[in-house]
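Chain by chain, the residues:
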Amino acid sequence: MQALSVARLYEDQHEELQLEMLTESMASSREITISDIHRPGMALMGFVDNFLPERIQIQGIDVPAYLIERGNQARVPVLRTTQSTTPFIHSLTNYLDHMFAPHTTVHGSLVDVYGCGLLFTGRSGIGKSETALDLIERGHRLVADDIVTITHRHGDLLIGSGSQLMRHHMEIRGLGIIDVQSIFGVRSIRLQKRVEVEVVLKEWSADEDYERMGLEDRKTSFLGVEIPRVEIPIVPGKNVTVIAEVVALNYLVKVYGGYSPAERLNQHLIEVMKRKSAAKAWVREDTE
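Residues numbered from 1 in each chain as written. Predicted model: local features only at pLDDT ≥ 70, side-chain atom pairs only at ≥ 80, totals over all residues. Heavy atoms only, no water.

If you trace the 8 strands from one edge of the open sheet to the other, you get E11-E8-E7-E5-E6-E12-E14-E13, paired in mixed fashion. For this open sheet the edge positions go to strand E11 (192-194) and strand E13 (219-222), each flanked by a neighbour on one side alone. Neighbour to neighbour, the strand axes of the sheet diverge by 40° on average, direction disregarded. Bridging between strand E5 (residues 103-113) and strand E6 (residues 116-121) involves 5 bridges; their strand directions are antiparallel. In the sheet register, Val113 faces E6, and the bridge partner there is Cys116. The strands touched by helix H5 (residues 128-137) within the sheet are E5, E6, strand E7 (141-153) and strand E12 (197-203), with E5 carrying the most contacts at an inclination of about 35°. (Pairing = 2+ DSSP bridges. Helix = DSSP H or I, 4+ residues; strand = E, 2+ residues; numbered from the N terminus. Axes fitted to C-alpha atoms, helices over the stretch in contact; angles between N-to-C directions. Contact = heavy atoms within 4.5 Å.)

This is how it looks when you write it as structure tokens:
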């Protein structure tokens, strides 16, 4: 179970949440383990059956001296804020949701291409960073390279970000480490992006049956959330960057246009064949 200390919460959020420590110490006998918050008004009136002690307790009242005294005795920190209750709860909940959200790390590159988050994966040295660099040069935005942290947010959203250590630096084989923001400007980067399509770069194999029509929707799963998966075979001279742009645009057509180009073409071909078959039957029956 993930846990968050009160001291860490105070360190991260005391300015944004306008927190003031009232007890003697931040040392706590309990850690924060869930993002839910409780307003114990009914419990203070004696209705304790539904009291949830594992949650952070929010009270919109003046702090009595005995509460601070009991907090010191029980090593339960008591904090105060000058913010109104409702916006304070919203801000604190957003922070806790972020801290407790499930996450994983993936070896790859994440690029915002036309507003679509493409996660490039594949074996080491296949060309993920070089593809990402080419996309950046064409005006798209780097989110993370080499190590991508994926976080599962509410609503089955996968949010990708880079490590604090690398922070928009890239390793290009034969060249070394480059600073993308310094070279291409602030418009070439972003801190995080929704992960929407996995693009797998693979060496070409004559024995493998690659997708030709696009009628089969391949999926991949991260943290229990499925997203589309596209495999691009790599051969010398193949323009992977342009294909990646088309992958992003094709995804946007499906999501925002409400239809699949491959399925529409397939349906059109079926209708054409039906018309041709009907015409041939009419010709055979026309004996006048």
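Moving on from the model shown.
This part is about the nonpolar core. In terms of nonpolar packing, the biggest core is built from 25 residues, with Leu118, Phe120, Met170 and Val199 touching the most fellow members. Elements with a contribution of two residues or more to this core: E5, E6, H5, strand E9 (169-172), E12 and helix H7 (240-256). Here the element with the most residues in this core is H7; it accounts for 6 residues. Leaving out residues up to four positions away in the same chain, Phe120 has contacts with His107, Gly108, Ser109, Val111, Lys128, Thr131, Leu135, Val199, Leu201 and Ala244. (Core = buried A, V, L, I, M, F, W, Y, C linked by side-chain atoms within 4.5 Å. Buried < 20%, exposed > 50% of the residue type's maximum accessible area, 1.4 Å probe, protein only.)

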